[in-house]
Amino acid sequence: MATRLGNKEIKLVSTNAELGEMLAELNNIRPSVISVDTEGWNICRDGTLSLLALCWNEGLIYVIDVQELGSHSFTRIENTAVNSRWSSVKEILEDPTTLKLFCDPRSDSDALYHHYGVHLKNTFCVQLAEVGVRRQNGHTTRYVKGGKKITLEYGGLSGAEMVEWERLDREASAKFFPEKGGSYENLTNRPLSSLALKYSALGVLHLKNIYEKLEGRLSRRGKEWVKEESRKRVEEFRLPSIKKGKHRAIAPAHWGNTTRPRRHDFFEIDDEYYY
């Protein structure tokens, strides 16, 4: 199954053969940067992970149907070429030399590790990079911004692309999320709908553009801070439990920002945070 989103083709990977083809392309290109996002219900150790989107190509996004493939999504493909760098998606996500871009890797990391034993390595959180840029500009930054605001501000979208992005985000939210009037079952129904496929790809569509704009504005110290704080976010899978809530919108108390928010300050938090 293939469809298009903007100027990119979206390929659904739901069989071992399709997974092998995707890995063959990855090994042929050997990208240094890969954009990553997941979709599912309550994505963490206590929820489910249904879809994994990967993008390293200017014109192509792969969406792996983890619900269909299960653990095979991450296990070794036996017929991988001898000189291949990677023989599984797990090896890619754990490769310390390949940068993985996320908006916020915490929930993804928790789900990937506890369900599939994947320990993310070398990640870059654009949400934290946006915090770093604001702090460099002299702002007292208590909270992170949601992915929607960051995308519309730094994704480099044209007017038409912005309208289409917001339309798709609105339709998908109403279809898939109970808090918006939808149902998670619409994301788990198979065959996968075109809307579900596009929504999964939406999370990585502009991620590299965002990374390049934000990373280019960070000082050396800022880049080091983002990398270290991104690593800490990934390592939260080691906590005995995970609790979602508005507290997750609090930016790391570091880099000259040590003030903890007062209770009533939570009303200032982006509406996206935090289910």
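Let us look at the structure shown here.

Cut-offs and rules
Residues numbered from 1 in each chain as written. Predicted model: local features only at pLDDT ≥ 70, side-chain atom pairs only at ≥ 80, totals over all residues. Heavy atoms only, no water. 1 Å grid on protein atoms, 1.4 Å probe; cavity = no way out; pocket = protein on both sides within 12 Å on 5 of 7 lines; lining within 4 Å. Points joined across faces, edges and corners; volume = space filled by probe spheres on them. Helix = DSSP H or I, 4+ residues; strand = E, 2+ residues; numbered from the N terminus. Buried < 20%, exposed > 50% of the residue type's maximum accessible area, 1.4 Å probe, protein only.

## A look at the layout of surface pockets
Then step 1. In this structure, the second largest pocket encloses a volume near 370 Å³.
Then step 2. Forming the walls of the second largest pocket are 23 residues, and the residues nearest its centre are Asn-7, Lys-8, Leu-205, His-206 and Asn-209.
Then step 3. Contributing elements (two or more residues each) for the lining of the second largest pocket: strand E4 (51-57), helix H7 (159-176), helix H9 (194-205) and helix H10 (207-217).
Then step 4. Element by element, the count of residues in the lining of the second largest pocket is highest for H7, at four residues.

## Observations regarding unusual backbone geometry
Then step 1. The amide bond that connects Arg-190 to the next residue, Pro-191, takes the cis arrangement and shows omega of 5°.
Then step 2. Position of Pro-191 among the secondary structure elements: in the loop between helix H8 (185-188) and H9.
Then step 3. Residue Asn-42 is not a glycine yet carries a positive backbone phi of 50°.
Then step 4. Tracing the backbone shows Asn-42 in the loop between strand E3 (33-39) and E4.
Then step 5. What makes Asn-42 partly exposed here is its relative accessible area of 31%.
Then step 6. Despite not being glycine, Asn-122 shows a phi value in the positive range, around 55°.
Then step 7. Secondary-structure assignment places Asn-122 in the loop between helix H4 (106-116) and strand E7 (123-125).

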